[in-house]
Amino acid sequence: MKSQLFYTNDENGFVLPYVLFVTTLILILVSANIQHYQRDAEMTKAHIQQLKMETLFQMGREKIKTEIGSLKIPETVTYHFPDGNVRIEVSNLDINKFELYFTITAASNDYSYKITDVLQHDGSSTP
């Protein structure tokens, strides 16, 4: 007599639960990877925007540093850069110490940041 395997003769659907389990596992992994990719894309966009804002801050700070000797304090100065605009309100704290209030707006007008900084200036203007 020929021996027959149990799962080949049983018609109760032995393979179907395993196929469903593997299919579910694959779908969960694929959807988790898609969500992970979307979060990474959003984080990258936010990081690039933050870098642009920091660059605008540094560019505005260096530009005002070269011009601070010729300004009449208090004064508001606006600089236009390719990535956005920097508006700086300058107030005098001490003889060589200035408070700078930055309002940085991205070129796309989606983001706007406000930063306060203190600038210690030695009195000499550097071009």
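For the structure itself, consult the block above.
Worth saying up front: this structure is predicted, and the values here are computed from it rather than measured.

Considering the nonpolar core
- Core analysis: the biggest nonpolar cluster contains 18 residues, and Ile64, Ile88, Val90 and Leu100 have the highest contact counts within it.
- Elements with a contribution of two residues or more to this core: helix H2 (16-67), strand S1 (75-81), strand S2 (84-92) and strand S3 (97-106).

Digging into the packing of aromatic side chains
- In this structure the tally under the stated criterion is two aromatic pairs.
- Aromatic side chains Phe57 and Phe102 sit 4.7 Å apart centroid to centroid with 65° between the ring planes, which places their arrangement in the edge-to-face category. Remark: Phe102 occurs in strand S3 and Phe57 occurs in helix H2; sequence separation between them is 45 residues.
- The exposure class of Phe57 is buried, given its relative accessible area of 17%.
- Considering the side-chain rings of Tyr79 and Phe81, the 6.2 Å spacing of their centres and the 35° angle between planes classify their relative orientation as tilted.

Describing the pairing of S2
- As paired elements, S1 and S2 share seven bridges and run antiparallel to each other. Bridge pairing in S2 links His80 to Asn85.
- Once S1 ends, the chain turns through two residues before running back antiparallel as S2.
- As defined by bridge partners, S2 adjoins S3 across nine bridges and the pair is classed as antiparallel. Opposite Gly84, over in S3, you have Ala106 as the bridge partner.
- Once S2 ends, the chain turns through four residues before running back antiparallel as S3.

Basis of the calculations
- Residues numbered from 1 in each chain as written.
- Predicted model: local features only at pLDDT ≥ 70, side-chain atom pairs only at ≥ 80, totals over all residues.
- Heavy atoms only, no water.
- Core = buried A, V, L, I, M, F, W, Y, C linked by side-chain atoms within 4.5 Å.
- Buried < 20%, exposed > 50% of the residue type's maximum accessible area, 1.4 Å probe, protein only.
- Helix = DSSP H or I, 4+ residues; strand = E, 2+ residues; numbered from the N terminus.
- Phe/Tyr/Trp six-rings, centres within 6.5 Å; stacked < 30°, edge-to-face > 60°.
- Pairing = 2+ DSSP bridges.

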